[in-house]
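The primary structure of each chain is shown beneath.
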Amino acid sequence: MKTFRPSGLIAYVAMAMWLLQLAISPVRAEEAGQTRAAAHIAEIRAALIAHGASQNIKVTLAAPDTLVTAGADGAIVIDSISFNPATGRFLARVAGTPPDAITGVAAASALVPVLVRAIDRNETINESDIDWIEVAEAQAAQYVTDADAMIGKIARRPLAASTPLRKADLTAPILIKRGATATIVLEAPGIRLTQNAVALENGGAGDLGGFRNITSNLEIKAVVAGVNLARAPFAGRSTLASLTPGQQ
């Protein structure tokens, strides 16, 4: 027959009471004027904006369940706040709370256009291919932010959906192919000349490309203006010479 040991039972009861105390302590803390930091994101955000952060910031706390001391009105008192605009990291010191308890990231966001589907290399982007997503405002400058700058452009490489694009990912459609015969137009006050020339390189709208005059065999630079059409910027007698038949 086993001997009953009250001391062992008392130990189990004591452990159970200790675990129960741990479970209810946050509740008691809140009843005593403490709340979780997550309940005060709006106040922390307002303090960051007053400290110079962007109006578009989104606040993320490193430890949202940290208990902070609130006043009788339920609000916290922020004694001071430190904010690094480059990284978005901040430290808020709240009255009645350990000094380093409230930390996190405050990042401003911006909308940038992205593709709704994957695009193959050399495929044209249409208006229906564009959607918008949010990115960190500090990163937006490295991406294409104007949807109009994407429409009608050609993908230089395969492009994934829902991924911000860089200017280098896109190119204008080729309007004049290398080796094609194009019409070069020169317009100046009282002058309008046209001449056929062979394109020395591919060119899209607005590109400045090289051409060789079929008649004079001289080279000239002209800006692509349409399909097999380019306009030569007037640069004095040298431009006239390169477009005038029979000049060498």
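For the structure given in this document, a descriptive report is provided here. Keep in mind it's a predicted model, so treat the numbers as computed, not measured. (Residues numbered from 1 in each chain as written. Predicted model: local features only at pLDDT ≥ 70, side-chain atom pairs only at ≥ 80, totals over all residues. Heavy atoms only, no water.)

## A closer look at the overall build of the protein chain
Counting secondary structure elements, the protein chain contains 4 helices and 16 strands. Looking at the protein chain residue by residue over its 248 residues, the buried ones come to 30%. Long-range contacts, defined as pairs at least 24 residues apart, comprise 51% of the intrachain contacts of the protein chain with a sequence gap of at least 6. Surface exposure of the protein chain reaches about 15,100 Å², of which carbon and sulfur atoms provide 56%. (Helix = DSSP H or I, 4+ residues; strand = E, 2+ residues; numbered from the N terminus. Buried < 20%, exposed > 50% of the residue type's maximum accessible area, 1.4 Å probe, protein only. Contact = heavy atoms within 4.5 Å. Areas by Shrake-Rupley, 256 points an atom, 1.4 Å probe, with all protein chains shown as cover.)

## Some points on the sheet that holds strand S16 (residues 229-231)
Two strands in a sheet stick together by hydrogen bonds in their backbones, pointing the same way (parallel) or opposite ways (antiparallel). Strands sit in the order S11-S12-S14-S15-S16 around a closed barrel of 5 strands; the barrel is mixed. The sheet shows a mean angle of 55° between the axes of neighbouring strands, taken without regard to direction. As judged from the 3 bridges shared by strand S12 (residues 191-199) and strand S14 (residues 208-213), these two strands associate in the antiparallel manner. Within S14, the position partnered with Ala 199 by the bridge is Phe 211. (Pairing = 2+ DSSP bridges. Axes fitted to C-alpha atoms, helices over the stretch in contact; angles between N-to-C directions.)

## Some remarks on the nonpolar core
Residues Leu 48, Ile 57, Phe 90 and Ile 102 are the most contacted members of the largest nonpolar core, which totals 21 residues. Among the elements of the structure, helix H2 (41-50), strand S2 (57-61), strand S4 (78-83), strand S5 (89-94) and strand S6 (102-115) are those that each provide at least two residues to this core. Apart from residues lying up to four places away in sequence, Phe 90 is in contact with Ile 44, Leu 48, Val 59, Thr 60, Leu 61, Ser 82, Phe 83, Ile 102, Thr 103, Gly 104, Val 105 and Ala 106. (Core = buried A, V, L, I, M, F, W, Y, C linked by side-chain atoms within 4.5 Å.)

## Topic: the side chain of Asp 169
Mapped onto the fold, Asp 169 is located in the loop between strand S8 (154-155) and strand S9 (170-171). In terms of polar contacts, Asp 169 uses its side chain to reach the backbone amide nitrogen of Arg 166, at 2.9 Å. In this view, Asp 169 contacts Ile 154, Ala 155, Arg 156, Arg 157 and Leu 159; residues no more than four positions away in its chain are not counted. (Polar contact = N/O pair within 3.5 Å; in protein donor to acceptor, adjacent residues only side chain to side chain.)

## Thoughts on the pairing of S6
Bridge count for S2 against S6 is 5 bridges, and the pairing is antiparallel. Paired with Ile 57 across the bridge in S6 is Ala 108. Strand direction decides the pairing type here: S6 and strand S7 (residues 130-136), joined by 7 bridges, are antiparallel. Residue pairing for S7: Val 112 is matched across the bridge by Ile 133.

## Remarks on the pattern of salt bridges
With the rule as written, the count across this model stands at 8 salt bridges. For Glu 187, the salt bridge identified is with Arg 231, shortest N-O distance 3.7 Å. Within this pair, whereas Glu 187 is found in strand S11 (residues 181-188), its partner Arg 231 is found in strand S16, the two being separated by 44 residues in sequence. Arg 231 sits in the partly exposed class, given a relative accessible area of 39%. (Salt bridge = Lys/Arg side-chain N within 4 Å of Asp/Glu carboxyl O.)

Any link to function would need more than the numbers given here.
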